[in-house]
Amino acid sequence: MATNRALAFLESRKNLTGCACGLAGLAVTFTGAAGSLWPVVVAGLYGAGALIAPPERPPAPEFPDAAEQLDALRADFATLRGYLAEVELPPAAAGRLTELDALLDALLAPGWVSDPEHLHVLARAVRQDVPEAVDTFVRTRWWTRVTPGSEPPERHLERQLTALHAEAAEIAAALQDAEAMRQRTHTQYLEDRRHP
């Protein structure tokens, strides 16, 4: 630990700047301008250099890039699919869930989503919104069997899955617009290159 600190100090900006200024003090000494006070001049210039040196900056934290986040999200999506395969849903909700599942599967394919905002929305849907909606339905369905006459929980589940599908569809539309813009830009570039 102490060795690491000593090595860190030796490589620090303050020490390196101080050493450079100390060498300038030695150069002044060899010209004879410092006289018998040369140790004070060298130490003073070293100290001044160490004081004026810019402070050390800690390294910026390294976070996983979009590809690594997408890999982790795909693994979580596979886990979610395993959970959903074990749950019994009414036909209308199962249909909505199948549509949402297909859309999420397409969006999570490699090479599509790289925007952090889109990744956040997809991660929230996979890790929180869909499991919570289905789990709440399963728990509430049991209570509605005990207390008939209340609003059916499958209506809420259908509405929740519809809202999640709309949110994912917005991401798909944004990706489609971006790809269309990219294609138009490339076409324009090729045409402009042909006719300078």
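A short note on the overall build of the protein
Next up, step 1: Check the secondary structure of the protein and you find seven helices and zero strands.
Next up, step 2: Put simply, the protein runs from its N terminus to its C terminus through helices and strands in the order α-α-α-α-α-α-α.
Next up, step 3: Relative to the globule expectation of 16 Å for 196 residues, the C-alpha radius of gyration of the protein, 32 Å, shows a markedly less compact shape.
Next up, step 4: Expressed as lengths along the three principal axes of its C-alpha atoms, the size of the protein is roughly 100 × 65 × 25 Å.
Next up, step 5: Intrachain contacts of the protein at a sequence separation of at least 6 include 74% that bridge at least 24 residues.
Next up, step 6: When the accessible area of the protein is evaluated, it comes to approximately 13,600 Å², of which 61% is carbon and sulfur surface.
Next up, step 7: Charged side chains of the protein number 18 positive and 26 negative; the gap between the two group centres comes to 3 Å.

Details of the nonpolar core
Next up, step 1: One finds Leu107, Leu122, Val130 and Leu157 to be the most contacted residues of the largest nonpolar core, which totals 30 residues.
Next up, step 2: Tallying contributions element by element places helix 6 (residues 116-146) first for this core, with nine residues.
Next up, step 3: Once residues within four sequence positions are removed from consideration, Leu157 is found in contact with Leu89, Ala93, Ala133, Val134 and Phe137.

As for the confidence of the model for the protein
Next up, step 1: Predicted confidence across the protein gives a mean pLDDT of 84, with 94% of residues reaching 70 or more.
Next up, step 2: By mean pLDDT, the top-scoring element of the protein is helix 5 (residues 91-107) (91), and the lowest-scoring one is helix 1 (residues 2-10) (73).

A few points about helix 3 (residues 38-52)
Next up, step 1: Spanning 15 residues, helix 3 covers 21 Å between terminal C-alpha atoms, matching the ideal 21 Å at 1.5 Å per step.
Next up, step 2: All of the buried residues in helix 3 are Val42, Gly49 and Ala50. Relative to the axis of helix 3, the buried residues are bounded by an arc of 100 degrees and lie together on one face. In helix 3, the exposed positions that point more than 90 degrees away from the buried face belong to Val40, Leu51 and Ile52.

So, the packing of helix 5 against helix 7 (residues 153-194)
Next up, step 1: For the pair helix 5 and helix 7, interaxial distance at closest approach is 9 Å and the crossing angle is 25 degrees. Between helix 5 and helix 7, the angle is such that the two are roughly parallel. As helix 5 packs across helix 7, the resulting crossing turns out to be left-handed. Facing Ala92, Ala93, Arg96, Leu97, Glu99, Leu100, Leu103, Leu104 and Leu107 of helix 5, the residues of helix 7 in contact are Leu157, Glu158, Leu161, Thr162, Leu164, His165, Ala168, Ala169, Ile171, Ala172 and Leu175.
Next up, step 2: When its residues are assigned to classes, the contact of helix 5 with helix 7 shows 15 nonpolar, two polar and three charged.

What counts, and where the lines are drawn
- Residues numbered from 1 in each chain as written.
- Predicted model: local features only at pLDDT ≥ 70, side-chain atom pairs only at ≥ 80, totals over all residues.
- Heavy atoms only, no water.
- Helix = DSSP H or I, 4+ residues; strand = E, 2+ residues; numbered from the N terminus.
- Rg over C-alpha atoms; globule rule 2.2 N^0.38 Å.
- Contact = heavy atoms within 4.5 Å.
- Areas by Shrake-Rupley, 256 points an atom, 1.4 Å probe, with all protein chains shown as cover.
- Lys, Arg positive; Asp, Glu negative; His and termini not counted.
- Charge placed at Lys NZ, Arg CZ, Asp CG, Glu CD.
- Core = buried A, V, L, I, M, F, W, Y, C linked by side-chain atoms within 4.5 Å.
- Buried < 20%, exposed > 50% of the residue type's maximum accessible area, 1.4 Å probe, protein only.
- pLDDT = per-residue confidence, 0-100.
- Expected span 1.5 Å × (residues − 1).
- Arc of directions from axis to C-beta.
- Axes fitted to C-alpha atoms, helices over the stretch in contact; angles between N-to-C directions.
- Parallel < 35°, antiparallel > 145°, perpendicular 65-115°, else oblique.
- Left-handed = near helix turned anticlockwise from the far one by under 90°.
- Nonpolar A, V, L, I, M, F, W, Y, C, P; charged D, E, K, R; others polar.

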